[in-house]
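If you want the building blocks of each chain, they are given just below.
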Amino acid sequence: MTDAISVSGPITGTDRTLSFETGKLAQLADGAVVGRIGDTVVLATATAARSVREGTDFFPLTVDIEERTYAAGKIPGSFFRREGRASDQAILTCRLIDRPLRPSFPKGFRNEVHVVGTVLGADQENPHDVLAINTSSAALMLSGIPFDGPIGAVRIAYSTDGQWTPHPTFEEGDESTFELVVAGRALDAGSDTDIAIMMVEAGGTERSWRYYEEGAPKVTEEVLADGLEAAKTWIRESILLQRRLVEAVVAATGPIAPIEFTTFTDYGDDVGARVEAVGTDAVAAANRITEKAPRAEAIDGATRTIVDSLSGEFPDREREIKAAVRALTKKLVRKRIVEEGVRIDGRGTADIRPLSAEVDLLPTAHGSALFQRGETQVLNVTTLGMPRMNQLLDTITPDDSKRYMHHYNFPPYSTGETGFMRGPKRREIGHGLLAERALLPVVPSAEEFPYTLRLVSDVLASNGSTSMASVCGSTLSLMAAGVPLKAPVAGIAMGLVYDGGNYVTLTDILGAEDAFGDMDFKVAGTKDAVTALQLDTKIDGLPADVLGRALLQAKEARLTILDVMAGAIGEPRAEVAASAPKIVSFEIPMDKIGEVIGPKGKVINALQQETGADIAVDDDGMVGTVTIGAKDGTAVEEARRRIATILDPPLAEVGETYQGKVVNITKFGAFVNILPGRDGLLHISKIGQGKRVERVEDVLELGQPIEVRVDDIDPQGKVSLSMAGAAPTVPDRGAREDRPRGDRPDRGGSSPRSSRPSVPSAPSSSTFEDAFEAELVGEFGDLGPAASTPSDVRSDGGDRRRGGRRRR
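Rules used throughout
Residues numbered from 1 in each chain as written. Predicted model: local features only at pLDDT ≥ 70, side-chain atom pairs only at ≥ 80, totals over all residues. Heavy atoms only, no water. Core = buried A, V, L, I, M, F, W, Y, C linked by side-chain atoms within 4.5 Å. Buried < 20%, exposed > 50% of the residue type's maximum accessible area, 1.4 Å probe, protein only. Helix = DSSP H or I, 4+ residues; strand = E, 2+ residues; numbered from the N terminus. Contact = heavy atoms within 4.5 Å. Pairing = 2+ DSSP bridges. Axes fitted to C-alpha atoms, helices over the stretch in contact; angles between N-to-C directions. 1 Å grid on protein atoms, 1.4 Å probe; cavity = no way out; pocket = protein on both sides within 12 Å on 5 of 7 lines; lining within 4 Å. Points joined across faces, edges and corners; volume = space filled by probe spheres on them. Phe/Tyr/Trp six-rings, centres within 6.5 Å; stacked < 30°, edge-to-face > 60°. Lys NZ or Arg CZ within 6 Å of the ring centre and 35° of its normal. Expected span 1.5 Å × (residues − 1). Parallel < 35°, antiparallel > 145°, perpendicular 65-115°, else oblique. Nonpolar A, V, L, I, M, F, W, Y, C, P; charged D, E, K, R; others polar.

S.K.: Would you mind going over the nonpolar core with me for this structure?
M.R.: The tendency in soluble globular proteins is for nonpolar side chains to be buried side by side. With 144 residues, the main nonpolar core has Phe105, Val113, Leu180 and Phe521 as its most contacted residues. For this core, the leading source of residues is helix 5 (residues 221-253), giving 11 residues. With sequence-adjacent residues up to four places away left out, Val113 is seen in contact with Thr47, Ala48, Phe59, Pro60, Leu61, Thr62, Phe105, Leu140 and Ile145. Formed by 21 residues, the second largest nonpolar core is a distinct cluster that contains Ile665, Ile684, Ile687 and Val696.

S.K.: I would appreciate a short explanation of unusual backbone geometry in the present structure.
M.R.: Peptide bonds are mostly trans, and most non-glycine residues show a negative phi. At the junction of Gly149 and Pro150, the peptide bond is cis and its omega measures out at 0 degrees in the coordinates. Mapped onto the fold, Pro150 is located in the loop between helix 2 (129-143) and strand 7 (151-158). Here Arg81, not a glycine, exhibits a phi torsion of approximately 55 degrees, which is positive. Mapping Arg81 onto the fold places it in the loop between strand 5 (61-67) and helix 1 (88-101). Backbone geometry places Ser465, a non-glycine residue, at a positive phi of 60 degrees.

S.K.: Any chance you could explain the sheet that holds strand 3 (residues 31-37) here in plain terms?
M.R.: Pairing between sheet strands relies on hydrogen bonds along the backbone, with the strands arranged either parallel or antiparallel. Strand order in the open sheet formed by six strands is 1-2-3-4-6-5, and the pairing between neighbours is mixed. In the strand order of this sheet, the two ends are held by strand 1 (5-10) and strand 5, each with one partner. Each adjacent strand pair in this sheet contributes to an overall mean axis angle of 15 degrees, direction not counted. Of the strand pairs in this sheet, strand 4 (residues 40-48) and strand 6 (residues 113-121) are connected by eight bridges, and their pairing is antiparallel. Residue pairing for strand 6: Ala46 is matched across the bridge by Val115. Of the strands in this sheet, strand 2 (17-22), strand 3, strand 4, strand 5 and strand 6 are in contact with helix 2, which crosses strand 3 at around 150 degrees.

S.K.: When you look at the pairing of strand 28 (residues 705-713) in this model, what are you seeing that I'm missing?
M.R.: On any regular strand, side chains alternate: one points to one face of the sheet, the next to the other face. Pairing of strand 25 (residues 657-666) with strand 28, which is carried by five bridges, proceeds in the antiparallel orientation. Bridge pairing in strand 28 links Thr657 to Arg709. As judged from the five bridges shared by strand 28 and strand 29 (residues 719-723), these two strands associate in the antiparallel manner. Looking at strand 29, one finds that Arg709 is bridged to Ser722. Connecting strand 28 to the antiparallel partner strand 29 that follows it, the hairpin turn spans five residues, and Gly717 within it adopts a positive phi of roughly 90 degrees.

S.K.: Please clarify how the pairing of strand 25 should be interpreted in this entry.
M.R.: Pairing analysis gives five bridges linking strand 25 to strand 26 (residues 669-675), with the strands arranged antiparallel. Note on strand 26: the bridge partner recorded for Val662 is Val672. Counting the residues that bridge the hairpin from strand 25 to strand 26 gives two residues.

S.K.: What am I meant to see in empty space enclosed by the protein here?
M.R.: Throughout the structure, instances matching the rule amount to six cavities of 30 Å³ or more. Here the largest cavity is characterised by a volume of approximately 130 Å³. Of all the secondary-structure elements, those providing two or more residues to the lining of the largest cavity are strand 10 (195-204), helix 5, strand 21 (530-537) and helix 12 (544-568). Among the elements that line the lining of the largest cavity, the one with the most residues is helix 5, at four residues.

S.K.: How should the packing of aromatic side chains be read in this particular structure?
M.R.: Here a ring pair, both rings aromatic, is described through the centre-centre distance and the interplanar angle of the planes. Tallying each qualifying case throughout the model produces 11 aromatic pairs. For the pair Phe59 and Phe109, a centre-to-centre distance of 5.6 Å together with 50 degrees between the ring planes defines the contact as tilted. Within this pair, whereas Phe59 is found in the loop between strand 4 and strand 5, its partner Phe109 is found in the loop between helix 1 and strand 6, the two being separated by 50 residues in sequence. Summarising the burial analysis for this pair, Phe59 and Phe109 share the class buried. Taking the centre distance of 6.4 Å and the plane angle of 15 degrees together, the rings of Tyr408 and Phe410 count as stacked. Taken together, the ring pairs connect Phe59, Phe105, Phe109, Phe147 and Phe261 into an aromatic cluster. Directly above the aromatic system of Phe410 lies the positively charged group of Arg427, at a separation of 4.3 Å from the ring centroid.

S.K.: Would you explain helix 7 (residues 292-310) in this entry?
M.R.: Three- or four-residue spacings in an α-helix give side chains the same orientation, since the helix completes a turn every 3.6 residues. For helix 7, with 19 residues, the first-to-last C-alpha span of 27 Å sits near the 27 Å given by 1.5 Å per residue. Among the residues of helix 7, Arg295, Ile299, Gly301, Ala302, Thr303, Ile306, Val307 and Leu310 are the ones counted as buried. Buried residues along helix 7 sit in contact with helix 6 (269-286) and helix 8 (318-340).

S.K.: How should I be thinking about the packing of helix 1 against helix 9 (residues 426-439) in this particular structure?
M.R.: To characterise two packed helices, one gives the angle between the axes of the helices and the distance between these axes. As a packed pair, helix 1 and helix 9 sit with axes 10 Å apart at the nearest point and diverge in direction by 100 degrees. By the angle between their axes, helix 1 is roughly perpendicular relative to helix 9. On helix 9, the residues touching Asp88, Ile91, Leu92, Cys94 and Arg95 of helix 1 are Arg426, Arg427, Ile429, Gly430, His431, Leu433 and Arg437. When its residues are assigned to classes, the contact of helix 1 with helix 9 shows five nonpolar, two polar and five charged.

If you want it as structure tokens, here you go:
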């Protein structure tokens with residue numbers, strides 16, 4: 001085994017260290033690096049195929065994150081007790097790594113590349129996702145794979161006092177109002193090099209609005225721009241540390257051998273020149289058609305015409321001709337935007353497509369909405385559920401459940417195409433989580449609104465920015481469902497075209513503009529705060545003033561959209577829909593949880609059966625929480641009333657008669673529930689009202705209603721009962737002699753008891769109580785002296801407790 005090579009450096013502004021190590025693990029991979037912050041450890045490997053698979057016309061980069069549960073000292077909770085499909089968090093991390101890495105490979109590079117991040121340690125304090133980005137970049141730097149790196153990344157959290165905290169722990173992130181994940185690369189080899197921002201993923205936290213209401217500064221477009229600039233410090237630190245690792249490896253083992261590869265072009269220069277000469281007019285005319293479907297047909301027709309006209313000149317090169325037509329289309333679209341300020345569909349650079357918003361489309365849904373922007377149309381549906389419907393998370397992070405969920409579906413018919421529908425793909429999961437994060441800060445807490453929330457966005461038609469349409473639809477359906485949002489949230493997708501030194505920002509980009517542009521970013525927020533941001537750029541660096549103007553342009557569009565949404569529904573409804581469950585939640589003392597649940601769940605199960613309400617009891621170690629839900633509000637109130645009587649039960653009064661119910665039977669009597677939360681003991685000696693009862697089960701059964709009187713209440717609150725109504729029927733003794741007696745010995749002459757000396761008879765009640773007390777001693781041992789009562793005094797004046805009871 002070779003010696004490990006490691007480098008480390010402090011993280012400015014923290015007491016933690018970032019370290020990289022190579023040479024010890026995964027030695028057969030092209031590049032393998034172990035990254036570490038605190039006790040969170042990630043192994044990243046990078047491998048590449050040495051040849052291009054036939055027919056490949058794209059760059060096949062795959063990024064996988066393997067979350068090993070042993071990293072957190074856990075065993076997977078699945079039936080098979082092993083890791084299965086990637087979690088949503090793992091998929092999001094894969095996307096975070098892929099987005100800055102993909103543009104950093106040479107144009108035309110087609111060799112398959114596989115980057116795998118395996119989480120080996122998760123200390124429940126330091127997140128592993130940003131560490132995985134940095135470690136993956138370091139592995140590529142050592143692999144010999146052509147890679148224009150290093151790529152550095154950092155997460156920064158905006159604290160309640162308006163400061164950016166680098167590499168926050170989970171706790172620090174929860175206590176902040178906003179988190180930014182930023183990745184970038186250096187523009188030159190200097191130690192103080194400027195950083196080109198390549199990727200941003202950001203969003204508010206669950207407590208954002210609470211902190212805002214307490215006076216914390218809100219995250220505006222200006223704050224975001226400052227945060228992106230501040231992030232460059234820690235990105236630069238990661239890049240310099242990766243360079244040190246490369247230098248250490250070269251010094252120890254010699255230069256890193258690059259793999260041999262060939263770049264491919266989609267078309268030859270000769271084909272490109274001829275396509276431009278022959279087809280410019282036809283392609284330009286097709287791109288002036290404003291509607292998507294007719295424009296696509298016109299471009300297809302122009303392409304066929306160009307192919308037909310050049311097929312004789314370039315035989316067997318039809319694929320190249322089509323690729324050249326696509327390149328020409330991109331060139332003409334960009335030129336028209338920069339030079340004329342006119343976009344594909346005829347809009348100006350800051351124009352938004354026609355907007356419409358509608359609620360209450362579905363009669364059975366708890367909340368539904370349809371949001372449309374141009375040809376993009378999204379149906380969003382809100383469903384409310386009991387807290388027990390929270391999603392349980394089996395992950396390596398501290399999160400163990402999820403109350404608010406957003407799921408995004410993108411069927412092929414939304415683009416007028418055919419395709420397979422085999423569950424959500426990575427893109428759908430990523431878009432759903434982006435829309436979910438955009439509304440997280442404004443969703444009311446469980447204390448304010450004790451429902452589980454599931455939102456589903458079904459994309460019905462797509463021509464750009466379906467994720468931001470999902471944000472708008474989510475706000476509408478939540479308000480229609482009666483969810484008291486802190487504020488409405490809208491989202492908008494922006495683009496940027498850079499050509500000839502000119503930066504042109506586009507509002508509400510189309511799908512084609514997303515593909516043809518140099519940057520796309522999505523911004524969601526309320527009228528005065530940003531709640532989510534996603535940015536990807538293909539150019540080296542973005543001037544701060546350009547980004548600032550783009551964010552302000554996005555805010556103007558967002559405010560316009562919010563006005564349209566307010567026209568459909570101005571504020572959350574005061575009540576949830578009639579079809580939604582009615583839920584109340586309240587706290588109870590920890591020592592009362594057992595009384596509400598009852599032995600083996602008897603009390604809570606009886607409450608649910610009798611009221612028809614769904615009742616859940618939970619606790620956080622300090623206080624208990626009872627949640628009651630039902631379709632019928634009266635059932636909820638009845639269950640709440642009954643639980644209130646359990647928490648503060650009414651007091652029984654000595655001498656009063658109550659209609660009770662038998663809730664438990666023992667050898668020495670029956671426990672009878674006489675009031676909510678109040679049981680009393682009906683002793684076996686008082687059941688027959690003068691008649692001898694050998695077994696309680698002979699005359700009483702569970703659930704039987706009986707009338708009882710309260711004889712006594714001791715200082716501890718224990719209630720002693722006697723029969724008040726008609727005595728239960730006591731089976732005839734003669735009839736009982738004929739039935740099997742189990743292991744009870746026969747009282748005839750064959751019994752060992754018949755050989756004992758005869759004992760003078762005492763009154764029947766005393767004889768029965770002596771036998772009963774002897775049975776108690778045999779069952780539970782000597783219970784000690786009892787308080788003297790009139791029944792303890794024998795007919796001869798002696799005290800039964802002093803020699804009258806036989807000790808065993």
